[in-house]
Protein chains: 2
Amino acid sequence: MKGNTVFKRSYNQCLRRLAAHDIGAALPSESDLAHTLDVSRTTVRAVLASLAETGIVSLGTSGRVLVRHPVEADYFPDMQTLSAGAAVERRFMEWILLGDFRAGQLLNAAELARQFGTSTTTIREYLAQFQHVGLLERRPNSAWLYKGVTPDFATEIYDVREMFELRATRSFIELPDDSPPWRELDAIEAEHRALLANIDEEYRRFPQLDERLHRVIHETSNNRFIIDFYDVISTLFHYTYRWNRSDEQQRNTVALMEHLDYIEALRSRDQRAIDARCRKHLRTARATLARSIEFGPFRSQPSPVGVST
Amino acid sequence: MKGNTVFKRSYNQCLRRLAAHDIGAALPSESDLAHTLDVSRTTVRAVLASLAETGIVSLGTSGRVLVRHPVEADYFPDMQTLSAGAAVERRFMEWILLGDFRAGQLLNAAELARQFGTSTTTIREYLAQFQHVGLLERRPNSAWLYKGVTPDFATEIYDVREMFELRATRSFIELPDDSPPWRELDAIEAEHRALLANIDEEYRRFPQLDERLHRVIHETSNNRFIIDFYDVISTLFHYTYRWNRSDEQQRNTVALMEHLDYIEALRSRDQRAIDARCRKHLRTARATLARSIEFGPFRSQPSPVGVST
DNA sequence: AATCTGTTTTTAATGTAGAAAAAACAGCGC
DNA sequence: GCGCTGTTTTTTCTACATTAAAAACAGATT
């Protein structure tokens, strides 16, 4: 039937909020909570009922009142707070990109469902979505084909990425200096310098910063296709990044410097300079991905499940 | 449960082939048929069994033999030969793009299922696919939002289209003159001239020719993202084309001429000329879409309410 | 040995059911 | 009127069941 992950997530969120309240303080109204937790009042009521049952809140004379602070054991495990679909997405990405899975192999929906502990319906829905990442191909009335993160794939995705990012810089430099994206760029630049100053310790923070820089640029494009495509890139790189950890600090340092050059070019608002710096950085990133593909995913835990040839 | 559309489609295909056979002639082997119809032998056997039952073939001394030629009544209606998913796709596109449906409206899966005569599962799977066309937005645990074919949408889709098509011309002109895409271009050009010579009668054939030209160019890109995107464009335009039929012949004539210029530029392999002609044509096409949006879909199915003006 | 056909086993497509969540409704207090 | 809570109605989500189609298996025929 239907999992109650929304309830569990809301319950946990609610507990976190209550931790800041004083004992005996009155809780906000149901509609209020519904709005802050971004769920329906129906769910809020279920949460409140459950909290009352656990004895964390109780009905005082004028509304609900906090009886005791929540402890660690009151929370639901984090794993259970992802919706079935989101859970499948994560497990699937890890399985396909970090596991022992080769281009050209066929996927079996029933097998995956068993392994991930969900129904085939959920698996199917997710696989269908995943087609658009370009890694899966559906063969009607038959299995799914994994096309693999091959050199061809890298070329294709980077060709599009370059077009889109260059285009996005055009809209970026149209914005006034005091617009939110430029403010964000200031912050990003500052973080770059901070990170470079302490690169030996913190070089692992690079991917998160990289994502932030490229995303703020893409988002100014105001183009849903460009932004959606960046979501694909972002997800993908989150996983392929782990394939090759050799020279990681060295590579991140280079990329950070390229970012600073790129940012400087953006500030100059000189299209030619921007194109040059952007292209240069993406060339480096493309080469990094190409190397990662040579390495391939770690073979730490080969799983023979759901595989056929 | 599961529709038998594969069976019906194969049955019809089989009948079409038999029409060319002589009475008494032996049929090909099962595996042979399975290969030519591109289905499994299981399906072929079901078709053959059904044909035997209808008396169209019978088991002679040495294999199956054609008894009588099929007549019109033997075929299944074409409508039934689309898989549930494909049928929903078509009905949905017609409903959303040709029907009275406004940007910002919410879609109700159960309602759609009832209206289309399928299950909610099928509807859901299709709606999920449809997100990436950029016209629908999913709101978890709630309805789907139709974002509408708005001027913004037109701008966004054409911005990407222009980038992609220009990029595709780069790979196109790399190919040798005698490669299949250039052969196809020759054929397309010839059809353009033939159509222009008889434009008064045949101007309605333009969309099909337009699709052929742009597709052959996009496909040489060898980039799955570019090709997938052209599928989106192609589907979309197939429907929005019907929104505005004023000056149709005039508009098609202009577009055909622009195509010929574009083709000429491609032959010259001069990038600058190609860019100019391609951009010019896409500008025209973009303006046509913009005009269509002004007209909107509210013409094909006049509302049953009130009197005509 | 290779190809054909008859049979059995798997797997994907899709409808249905039931729980969770949202949305709508209704009465109450101010 | 406005916001709050209790109740009822819809709608989405997801497990499961069932059938169509594919794939695998096996004997027969050339």
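Values in this document were obtained by computation on a predicted structure and should not be read as measured data.

Draft legend 1. Highlighting the protein's contact with DNA strand C. Among the 34 residues in the neighbourhood of DNA strand C, the closest are listed as T43 and R124 of chain A together with R41, R45 and S119 of chain B. In DNA strand C, atoms within 4 Å of the protein come 70% from sugar and phosphate. Here a phosphate oxygen of DNA strand C and a side-chain polar atom of S40 of chain A are 2.6 Å apart. Note that a base nitrogen of DNA strand C is positioned 2.6 Å from one of the side-chain N or O atoms of T42 of chain A. Going through the elements one at a time, α1 (5-18), α3 (41-54) and α5 (109-116) of chain A together with α2 (30-37), α3 (41-54) and α6 (120-130) of chain B are the ones with two or more residues in the surface near DNA strand C. A class-by-class count of the residues in the surface near DNA strand C yields 9 nonpolar, 18 polar and 7 charged.

Draft legend 2. Representation of the pairing of strand β1 (residues 57-60) of chain A in the model. Residue and element names in this part refer to chain A. Here β1 runs beside strand β2 (residues 63-66); their pairing, made up of 4 bridges, is antiparallel. What sits directly across from V57, in β2, is L66. Between β1 and β2, which pair antiparallel and follow one another directly, the connecting turn spans 2 residues.

Draft legend 3. Layout of the protein's contact with DNA strand D. Taken together, the neighbourhood of DNA strand D is formed by 35 residues, with R41, R45 and S119 of chain A together with T43 and R124 of chain B sitting nearest. Across the atoms of DNA strand D situated within 4 Å of the protein, the share located in sugar and phosphate is 71%. Between a sugar or linking oxygen of DNA strand D and a main-chain N or O atom of M1 of chain A, the distance comes to 2.8 Å. In the model, a phosphate oxygen of DNA strand D is placed 2.7 Å from a nitrogen or oxygen of the F7 of chain B main chain. Going through the elements one at a time, α2 (30-37), α3 and α6 (120-130) of chain A together with α1 (5-18), α3 and α5 (109-116) of chain B are the ones with two or more residues in the surface near DNA strand D. Looking at side-chain class alone, the surface near DNA strand D contains 10 nonpolar, 18 polar and 7 charged residues.

Draft legend 4. A look at the environment of N223 of chain B. Of note, N223 of chain B is situated in the loop between α10 (206-219) and α11 (224-240). The class for N223 of chain B is buried, based on a relative accessible area of 2%. In this structure the C-alpha to C-alpha distance between N223 of chain B and H35 of chain B, which are 188 residues apart in sequence, comes to 29 Å. Look past the residues within four positions of N223 of chain B in its chain and what remains in contact with it is E156, D159 and V160 of chain A. In this structure the side chain of N223 of chain B is engaged in a polar contact, spanning 3.0 Å, whose partner is the backbone oxygen of E156 of chain A.

Draft legend 5. Representation of the sheet that holds strand β5 (residues 144-146) of chain B within the structure. Residues and elements named next belong to chain B. Strand order in the open sheet made by the 3 strands is β3-β5-β4, with antiparallel pairing throughout. For this open sheet the edge positions go to β3 (106-107) and β4 (136-138), each flanked by a neighbour on one side alone. Set on the sheet, α6 makes contact with β4 and β5; between it and β4 the angle comes to about 115 degrees.

Draft legend 6. Looking closely at the interface of chain B and chain A. Chain B puts 29 residues into the contact, and the matching count from chain A is 29 residues. Together, M163, R224 and F225 of chain B form the three largest contributors to the area buried by chain B at its contact with chain A, with a combined 26%. Contributing elements (two or more residues each) for the side of chain B that touches chain A: α6, α7 (151-172) and α11 of chain B. Looking at which element gives the most residues to the side of chain B that touches chain A, the answer is α7 of chain B, with 9 residues.

Draft legend 7. Inspection of the domain arrangement of chain A at higher detail. Domain boundaries in chain A define domain 1 (5-79), domain 2 (86-148) and domain 3 (151-295). Using C-alpha coordinates to define each centre, domain 1 of chain A is positioned 37 Å away from domain 2 of chain A.

Draft legend 8. Summary view of the relation of the copies chain B and chain A. Superposition record for chain B on chain A: RMSD 0.3 Å, screw rotation 180 degrees, translation along axis 0.0 Å. The transformation just described matches what one would write down for a two-fold rotation axis. Looking at the interface residues of chain B, 100% of them are also at the interface in chain A, so both copies use one shared face.

Draft legend 9. Seen up close, the side chain of T240 of chain B. Residue and element names in this part refer to chain B. Counting through the fold element by element, T240 comes out in helix α11. The exposure class of T240 is buried, given its relative accessible area of 3%. Non-local contacts of T240, meaning those with residues more than four positions away in its chain, are made with L289 and S292.

Draft legend 10. Spatial organisation of α2 of chain B. Residue and element names in this part refer to chain B. For α2, the full list of buried residues reads E30, L33, A34 and L37. For α2, the buried positions fall inside an angular range of 105 degrees around the axis, keeping them on one side. Residues of α2 that are buried make contact with α1, α3 and β2 (63-66). Two residues or fewer after α2 comes D38, characterised by a positive phi angle close to 60 degrees.

Reading the values: rules and limits
Residues numbered from 1 in each chain as written. Chains lettered and ligands numbered in written order. Predicted model: local features only at pLDDT ≥ 70, side-chain atom pairs only at ≥ 80, totals over all residues. Heavy atoms only, no water. Near = heavy atom within 4 Å. Polar contact = N/O pair within 3.5 Å; in protein donor to acceptor, adjacent residues only side chain to side chain. Helix = DSSP H or I, 4+ residues; strand = E, 2+ residues; numbered from the N terminus. Nonpolar A, V, L, I, M, F, W, Y, C, P; charged D, E, K, R; others polar. Pairing = 2+ DSSP bridges. Buried < 20%, exposed > 50% of the residue type's maximum accessible area, 1.4 Å probe, protein only. Contact = heavy atoms within 4.5 Å. Axes fitted to C-alpha atoms, helices over the stretch in contact; angles between N-to-C directions. Buried area = accessible area lost by both parts, 1.4 Å probe. Domains from an automatic or database assignment. Least-squares fit on C-alpha atoms with pLDDT ≥ 70 in both. Arc of directions from axis to C-beta.

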